[in-house]
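An overview of the molecular structure
Chain by chain, the residues:
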Amino acid sequence: MILAIETSCDDTCAAVVTSSGEVRSNLIASQMDHDRFGGVVPEVASRRHLELLDDVVAAALADAGASLDELDAIAVTRGPGLIGALLVGFSYAKSLAAAAGKPLIPVDHLQGHVSANFLEPEPFEPPFLCLVASGGHTFLAKVTEREGYEVLGSTVDDAAGEAFDKGARLLGLGYPGGAALDALAKQGDSTAYDFPRSYPGELDFSFSGIKTSLLYKLKALPEGEFEDVKADLAASYQAAVVEMLVERVKKAIAITGVDRVAIGGGVAANSQLRDQIREAAGEVKVPPREFCTDNAAMIAAAALGSTTGPLDDFAALDAYPSGQPAPA
Ligand code: KG4
Ligand code: ZN
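Residues numbered from 1 in each chain as written. Chains lettered and ligands numbered in written order. Predicted model: local features only at pLDDT ≥ 70, side-chain atom pairs only at ≥ 80, totals over all residues. Heavy atoms only, no water.

**Here we look at the site of ligand 1**
The local shell around ligand 1 holds 16 residues, among which Gly135, Asp165, Gly178, Asp182 and Gly266 are the closest. Gly161 is positioned with one of its backbone polar atoms (N or O) 3.1 Å from an oxygen atom of ligand 1. The side chain of Asp165 places a nitrogen or oxygen atom 2.5 Å from an oxygen atom of ligand 1. Look at ligand 1: alone it shows 560 Å² of surface, and the protein chains cover 88% of it. Listed by contribution, the elements that provide at least two residues to the shell around ligand 1 are α4 (160-170) and α5 (178-185). Residues that form the shell around ligand 1 fall into these classes: 4 nonpolar, 9 polar and 3 charged. (Near = heavy atom within 4 Å. Polar contact = N/O pair within 3.5 Å; in protein donor to acceptor, adjacent residues only side chain to side chain. Areas by Shrake-Rupley, 256 points an atom, 1.4 Å probe, with all protein chains shown as cover. Helix = DSSP H or I, 4+ residues; strand = E, 2+ residues; numbered from the N terminus. Nonpolar A, V, L, I, M, F, W, Y, C, P; charged D, E, K, R; others polar.)

Printed below as a string of structure tokens:
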């Protein structure tokens, strides 16, 4: 049995997962403190992790009916993410492991998103393509084993979730607004407005141009017309973001010959994205929402697949931030 801890962004997460991938508990304390700032404030996130983590871990153990003694190892996200936020979870996990005499399994956060597919029930086995689209990252990977993955493409600027959030904010839908934009888009005409599609590199993504395009469209609107066209703008904007994601998946299927596709990250909740990927792929896996967004169960799943295995000597290990390669 593994206790896993995840604090790479603004969610304080702990989970208990058995060696077969059965999730005994999966707790997520979402920090609402950031909403009024319209984005995650790193310093606020770190402080909240510090306040919440002890209780979240205790609750994860209690929910699982597990004691510290029964654990085989403690898994924790080592990076990438906000360094201050990561350090809270990483230091906590190291201390707890040292105090309890348990080995530590450091986990890469992105491997966690990929490994969410291996959790019970209905684990999805490689080979498959994995699209992860959240507020923090957007990448497409080829997965051939339970550990490791080949990144086929990733965003060169904003994440897809960020594109949804920024679009939603411009449309007055609050933060994070992906789900609200998705809902509003259902009432609009997706062909009403033309948004630019961008396809950098062979399989990379770019979402910065589209939000600028929305900004200019809004500025050009005649006085008083906004309410009438809001849903059309949302529908057209969403159609463009989704098309950019789906086109990349289709191209990756053509290049790799792998037509089994998993989608993860918060944007996997998008109804249009799900429908279109289902049309494009032979077989589609979307893990339950609680395993798609940032969570600790996926960190445990990655730890279970780790061939490096549990470490008894971890005192010198350090966390690593976004934009920095994982240290050896
Ligand atoms: O994985 P996640 O919870 O973590 C972060 O990266 O923070 O993803 C949250 C992202 C947000 O950008 C949110 O707007 C987006 O997922 N999102 C959606 C939908 N539901 C959540 N985007 C599009 N359509 C949705 N239905
Ligand atoms: Zn994530």
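Still more to cover.
**As for the domain arrangement of the protein chain**
Per the domain assignment, the segments of the protein chain are domain 1 (2-115 + 292-313) and domain 2 (124-286). A C-alpha centroid distance of 27 Å is found between domain 1 and domain 2. Taken together, the contacts link 18 residues of domain 1 with 18 residues of domain 2. Summed over both sides, the interface between domain 1 and domain 2 buries roughly 1300 Å², with carbon and sulfur atoms accounting for 60% of that surface. Inspection of the domain 1/domain 2 interface yields 6 residue pairs in polar contact (both at pLDDT 80 or more). Top contributing element to the side of domain 1 that touches domain 2 by residue count: helix α3 (residues 109-115), with 6 residues. In the side of domain 1 that touches domain 2, the residues fall into 4 nonpolar, 11 polar and 3 charged. (Domains from an automatic or database assignment. Contact = heavy atoms within 4.5 Å. Buried area = accessible area lost by both parts, 1.4 Å probe.)

**A word on the pattern of salt bridges**
Under the counting rule described, the total for this entry stands at 12 salt bridges. Across the pair Asp158 and Lys166 runs a salt bridge, and its minimum N-O distance is 3.4 Å. Classification of Asp158 as buried rests on a relative accessible area of 9%. By relative accessible area, which is 29% here, Lys166 ends up partly exposed. Ionic contacts of the salt-bridge type, sharing partners, join the residues Asp158, Glu162, Lys166 and Lys211 into one network. (Salt bridge = Lys/Arg side-chain N within 4 Å of Asp/Glu carboxyl O. Buried < 20%, exposed > 50% of the residue type's maximum accessible area, 1.4 Å probe, protein only.)

**Observations regarding the packing of aromatic side chains**
Scanning all chains against the criterion turns up 5 aromatic pairs. Ring centres of Phe124 and Phe128 lie 5.0 Å apart, and the angle between their planes is 40°; on these two criteria the pair is classed as tilted. Here the two residues Phe124 and Phe128 agree in accessibility, since each one is buried. One aromatic cluster is present, built from ring pairs that chain together Phe118, Phe124 and Phe128. Directly above the ring of Phe195 sits Lys217, whose terminal nitrogen or CZ lies 4.4 Å from the centroid. (Phe/Tyr/Trp six-rings, centres within 6.5 Å; stacked < 30°, edge-to-face > 60°. Lys NZ or Arg CZ within 6 Å of the ring centre and 35° of its normal.)

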